[in-house]
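Fold and contact review
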Amino acid sequence: MQARTKVALVLAGTVGALLVFRLVGAFTPIEEALRFVTLPVARAVSTLGNGAGTLLHGRPDAVQLRDRVTELQAQLSTLTVDYVRLRSLEEENRSLQALTGYLRASGYDHVSARVIARSVDPQSATVLIDRGAKDGIETGMAVIVGDGVFVGKVTELKDRVSTVTLVSDQKSRVAAALSGQHRLFGLVEGRGNQVARLTLVPQAEELHSDNVIVTSGTEDKIPPDLVIGLVNDIQGKPTDPFKSAALQPVAQADSLGLVSVLLPTALRPETGGKTP
Amino acid sequence: MSLRGWIIVVLAAIVSALLEACFLPFLPAPWRDIRPILELAVLFVVLSSPRGALVFAGIAGILVDLFRVDAGTFAFGRYITVVVVMILLSQTVLTNRSVYATGALVIAARLVDRLWLSLVHFFGTSLFRLDIRVEPLLSFGTTILWDIGLMTAAFILLALFTRRFLVTITRHSRYYG
């Protein structure tokens, strides 16, 4: 046997053995230690990447902007009616929130995290955040941006990082409700390319364009009333058992930089898992 | 290879891995389709530094594995395998050091890389139910175009500043007496 062939065989065997060891998790402690050392650098590089990405995305052209203005005007007229109705409720709500604070009232604490990597495949909307099991994060927890805009849930966990599957990912499924109804209404399914659909809505239910879709609260670790998106285009014949609709997610996946993972109070590390 | 050479290899591996995992995915298309690791690994092969290329691929693979988003791609093994195939190719088939051979080598590297990913995707999803995705063909095509463009530029710059690939032709003075 030639020396070159021997080397190639030994190398192939070594790589194969390493692959098996890795699949069974034999390298996890080493990986976690390396990740701990390199995480600050990765965080800095991803911040730079996010900034550069924002710059390079550029500005939309005039035609796109005109269409967007028309669309937003239509939404504004619908939302104005809702706004007046909600105004009185908001006043009442504000006084209550001032006393207790949003997070205490909802029973959820949060962990802020930075997006340090993301999938380049447009069908797969997943990001990596710089918080993991050691920060009290668990699989299935809700990830939000801003004032309660739902972007996805934690699907894979390591000690110091975790993977978040966004709403538009092809494998994402989120139980949804119509804003203000507090009951299961349908399912938000990701379709890739930053597109999501509201499906399995019973035909008897009323659904209109620009309805606000929120989380239903029926899933463990995901609280209700987190905004997912706005209903765009409703589909389904009257004879169909269910109807579906295109959903316009409120959060822009392209510009995700800082997110918050909602941590149920009962699962806070300092409480030791006891319910307060 | 000198100590300075090894330092360059390690630094290049760290920088290119961080770029590929944590910087470029945030950019819009077509910028996000640049994949510098294999390009630099092939460059080390072309510069007749197979050990450097292997160390580069190993370090970059480990770092990419730490910050990957999709599960189980095993970048460490993937890059090492691709570099080994490239070393064999550069010593047996594409033995000349021209800009065309460099382009052909980087395309071959990308194809071997995709073959590896497709195999892992096939076996990973069918046997272990792992979530492994192969990038769409459009992205792959754009990556190859970037590869060719960047490798050509790198080759020309190297030739220009280091005179590394210069073929010296002995000239004999003739006497027409």
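Residues numbered from 1 in each chain as written. Chains lettered and ligands numbered in written order. Predicted model: local features only at pLDDT ≥ 70, side-chain atom pairs only at ≥ 80, totals over all residues.

Some points on the overall build of chain A
Test applied: Helical segments are the DSSP runs of H or I of at least four residues, strand segments are the runs of E of at least two, and each set is numbered from the N terminus. In this scheme the burial state of a residue depends on its C-beta neighbours within 10 Å: 20 or more other such atoms mean buried, 12 or fewer mean exposed, and anything in between means partly exposed; the C-beta positions come from the backbone. Once C-beta atoms have been placed from the backbone, residue pairs whose C-beta atoms lie within 7 Å are recorded as contacts.
Scanning chain A from terminus to terminus reveals four helices and 12 strands. When each of the 276 residues of chain A is scored for burial, the buried share is 28%. Considering only intrachain contacts with a sequence separation of at least 6, the fraction spanning at least 24 residues in chain A is 56%.

Concerning the packing of helix α2 (residues 28-57) of chain A against helix α1 (residues 3-23) of chain B
Stated formally: For every element, the axis is a line fit to its C-alpha atoms; helices are fit only across the contacting stretch, and the angle between N-to-C directions ranges from 0 to 180 degrees. Orientation labels follow simple angle bins: below 35 degrees gives roughly parallel, above 145 gives roughly antiparallel, 65 to 115 gives roughly perpendicular, and whatever is left gives oblique. Here is the rule for handedness: rotate from the far helix to the near one, and if that takes an anticlockwise turn smaller than a right angle the crossing is left-handed, while a clockwise turn gives right-handed. Classes in brief: Ala, Val, Leu, Ile, Met, Phe, Trp, Tyr, Cys and Pro nonpolar; Asp, Glu, Lys and Arg charged; the others, Gly included, polar.
Packing of α2 of chain A against α1 of chain B leaves a shortest axis separation of 9 Å and a crossing angle of 60°. Relative to α1 of chain B, α2 of chain A is oriented oblique. Crossing hand, α2 of chain A versus α1 of chain B: right-handed. Facing Val 41, Ala 42, Val 45, Ser 46, Leu 48 and Gly 49 of chain A of α2 of chain A, the residues of α1 of chain B in contact are Leu 18, Cys 22 and Phe 23 of chain B. For the contact of α2 of chain A with α1 of chain B, the class distribution of residues is seven nonpolar, two polar and no charged.

Considerations on helix α4 (residues 75-92) of chain B
Condition: By this rule the span expected of a helix is its residue count minus one, scaled by 1.5 Å.
For α4 of chain B, with 18 residues, the first-to-last C-alpha span of 26 Å sits near the 26 Å given by 1.5 Å per residue. A large share of α4 of chain B lies buried, amounting to 13 of its 18 residues.

Looking at the interface of chain B and chain A
Frequently, the measure chosen for interface size is the accessible area that the parts lose on association. With 28 residues of chain B in contact, the opposing surface of chain A contributes 36 residues. Those elements that provide at least two residues to the side of chain B that touches chain A are α1, α3 (50-66) and α4 of chain B. Here the side of chain B that touches chain A is composed, by residue class, of 21 nonpolar, three polar and four charged.

Structural notes on the pairing of strand β6 (residues 173-178) of chain A
For clarity, the cut-off: Paired strands are those between which DSSP finds at least two bridges.
Pairing of β6 of chain A with strand β7 (residues 186-192) of chain A involves four bridges; the strand directions are antiparallel. If you follow Ala 175 of chain A over to β7 of chain A, its bridge partner there is Leu 187 of chain A.

Overview of the confidence of the model for chain A
We apply this condition: Confidence of the predictor at the level of single residues is given by pLDDT, which spans 0 to 100.
Chain-level statistics for chain A give a pLDDT mean of 79 and a share of 83% at 70 or above. This stretch, residues 266-276 of chain A, has a pLDDT under 50; its non-local contacts, to residues over four places away or in other chains, come to 11 contacts.

Points about the pairing of strand β8 (residues 195-202) of chain A
Residue and element names in this part refer to chain A. Bridge count for β7 against β8 is five bridges, and the pairing is antiparallel. If you follow Gly 190 over to β8, its bridge partner there is Ala 196. Hairpin connection from β7 to β8: two residues lie between these consecutive antiparallel strands, with Asn 193 at a positive phi of about 55°. Where β8 meets strand β11 (residues 242-249), five bridges bridge the pair, whose relative direction is antiparallel. Each bridged residue has a counterpart across the sheet, and for Arg 197 the counterpart in β11 is Ala 246.

Let's talk about α2 of chain A
All names here are of chain A. Selection rule: Note that bend, as reported per residue, equals the angle between axes fitted to the 7 residues terminating at that residue and the 7 residues originating from it.
Between its terminal C-alpha atoms α2 stretches only 37 Å, short of the 44 Å expected from 30 residues at 1.5 Å a residue. Of all the bends found along α2, the most pronounced is centred on Thr 38 and spans about 50°, while Pro 40, a proline, follows it within four residues. If you check which residues of α2 are buried, you get Arg 35, Ala 42, Val 45, Ser 46, Gly 49, Asn 50 and Gly 53.

Topic: the environment of Ser 139 of chain B
Topologically, Ser 139 of chain B is positioned in helix α6 (residues 137-162). Spatially, the C-alpha atoms of Ser 139 of chain B and Leu 27 of chain B are 13 Å apart, while their sequence positions differ by 112 residues. For Ser 139 of chain B, the residues in contact, after removing those within four places along its chain, are Val 120 of chain A together with Asp 33 of chain B.

Some details on unusual backbone geometry
Negative phi values dominate among residues other than glycine, just as trans dominates among peptide bonds. Going from Ala 29 of chain B to Pro 30 of chain B, the amide bond is cis rather than trans, its omega being 5°. Positive phi outside glycine occurs at Lys 221 of chain A, with the angle close to 75°. With respect to the secondary-structure elements, Lys 221 of chain A resides in the loop between β9 (212-215) and β10 (227-235). For Lys 221 of chain A, a count of 17 C-beta atoms within 10 Å corresponds to the partly exposed category. If you check the backbone angles, Ser 48 of chain B has positive phi at about 55° while not being a glycine. Locating Ser 48 of chain B in the fold gives a position in the loop between α2 (36-46) and α3. In this structure Ser 48 of chain B comes out as exposed when scored by C-beta crowding, with 12 C-beta atoms within 10 Å.

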